[in-house]
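Topology and contacts: notes
The chain contents come next:
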Amino acid sequence: MIKVALYDAKIYDKPSFEYYGNLHDMHFRFLETKLNEDTVELAKNCDAVCVFVNDTVNKAVLDRLYELGVHLVALRSAGYNNVDIKAAFGKIHVVHVPAYSPYSVAEHAMALLLTSVRRIHKAYNRTREFNFALNGLTGFDFHGKTVGVIGTGKIGRIFIDICRGFGMNVIAYDRFPQENSGITYVELDELFEKSDIISLHCPLTDETRHMIGKDAIGKMKKGVVIVNTSRGGLIDAEALLDGIRERKIGAACLDVYEEEADIFFEDRSGHILNDELLARLISMPNVIVTSHQAFLTEEALNNIAETTVNNILSYFSNDGVCDNELCYHCGHIEHCRKERREKCF
Ligand code: NAI
């Protein structure tokens, strides 16, 4: 039996992981706590750990997992910026779920955008109190507006299709543009200058951290709407707040926040929020925050559990070879052993 410590387990994770685990003689130890240096010991006697976006998988944690005899870190997410892939190399293999439902995230981005621009959240609260007044609820047509999409991978491309369905003019920026995709690529500055709406769909890397900061906001149109369903660190939240205060930014739709790790995914309604910046953002009438829920659809949860279980199985039954392995070398494809059906190290 393969034993897996599943950190940061939520009530909605259990049914699908239990179902797919039981099919393959895999036992999940569900742990409500997040993985970090203080909780790593809970993985004792396990073959693998299964982690999510806000678990801390730094060098110290990886070294201790290695000492405990854990062979594999199985991310149940696509993004892996919380894992020190370089530190893992040569010690612990890392696998992820590259795609589980890109539709879930792209559709959530559009849901946020529509809610914000058409003031649905405000109208909902009003009519519940029999307030049928329309003042303050004026939105704008999406048709004919320019949307700038940053990152044209799986999610970004679906978001582009959705926007085209609304009759929007789509421009995009990607570090690695897709050839013959029919997407109109522009330089980042041009995207900032021309877009009425900007939606972020690129990964968080050293290069993209705070790509939406004071300078970028300075180049944007007055009244621009910013949507971030990717990673909080893409936006400098202080600069965003300044842009909102100065009336430069028309609205912000945030499913992610740079300092979300100790806040999101939990009920904190009975507590005083210690993050002044987040509290200030949430208090703004033109900011909508959801708690990293873009992925949360039934289809996505099932696909996440199924792929994670298959990743773990293929690692333990396939001589360590797993198509969804992440490794330090894979940034340099010519060194990629996976291509040769070998383990990454
Ligand atoms: P993907 O890997 O298919 O696409 C990412 C795209 O970003 C690629 O086209 C890549 O070339 C581009 N890119 C890389 N570096 C860039 C840079 N410096 N500037 C501009 N573009 C760059 O990834 P996918 O599946 O589309 O996911 C995108 C992001 O969405 C993930 O990195 C993750 O952070 C986020 N995500 C958020 C979820 C949520 O629940 N809010 C759930 C799943 C993913």
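Residues numbered from 1 in each chain as written. Predicted model: local features only at pLDDT ≥ 70, side-chain atom pairs only at ≥ 80, totals over all residues. Heavy atoms only, no water.

**Focus: helix H4 (residues 102-117)**
An ideal rise of 1.5 Å per residue puts 22 Å on 16 residues; H4 measures up with 23 Å between its terminal C-alpha atoms. Turning to H4, its buried residues number three or more, namely Pro102, Ser104, Val105, Ala106, His108, Ala109, Met110, Leu112, Leu113, Ser116 and Val117. Immediately downstream of H4, the backbone of Arg119 shows phi near 55 degrees, a positive value. (Helix = DSSP H or I, 4+ residues; strand = E, 2+ residues; numbered from the N terminus. Expected span 1.5 Å × (residues − 1). Buried < 20%, exposed > 50% of the residue type's maximum accessible area, 1.4 Å probe, protein only.)

**Here we look at the state of the cysteines**
Applying the stated criterion across every chain, the model contains zero disulfides. The thiol of Cys46 is not disulfide-bonded; the next cysteine sulfur, from Cys50, is found 11 Å away. A relative accessible area of 4% places Cys46 in the buried class. Take Cys163: it sits in no disulfide, and the sulfur closest to it among the cysteines is that of Cys253, at 12 Å. On the accessibility criterion, Cys163 (0% relative accessible area) is buried. (Disulfide = S-S within 2.5 Å.)

**A short note on the sheet that holds strand S3 (residues 48-51)**
Reading across from one edge, S2-S1-S3-S4-S5-S12 is the order of the six strands in this open sheet, with mixed pairing throughout. Of all strands in the sheet, those with a lone pairing partner are strand S2 (26-30) and strand S12 (325-326), marking the two edges. With respect to the sheet, helix H1 (residues 14-23) is in contact with strand S1 (2-6), S2 and S3, its orientation differing from that of S2 by roughly 155 degrees. (Pairing = 2+ DSSP bridges. Contact = heavy atoms within 4.5 Å. Axes fitted to C-alpha atoms, helices over the stretch in contact; angles between N-to-C directions.)

**Description of the nonpolar core**
Ile150, Phe192, Ile212, Met220, Leu240 and Leu281 are the most contacted members of the largest nonpolar core, which totals 64 residues. Among the elements that make up this core, the one with the highest residue count is helix H11 (residues 298-317) (eight residues). Both domains that furnish three or more residues to this core are identified here as domain 1 (2-100 + 298-326) and domain 2 (102-289). Ignoring any residue separated from it by four or fewer positions in sequence, one finds Ile212 in contact with Phe192, Leu200, Ile217, Met220, Ile226, Leu234, Ile235 and Asp236. Membership of the second largest hydrophobic core comes to 24 residues, among which are Leu31, Leu62, Leu75 and Ala87. (Core = buried A, V, L, I, M, F, W, Y, C linked by side-chain atoms within 4.5 Å. Domains from an automatic or database assignment.)

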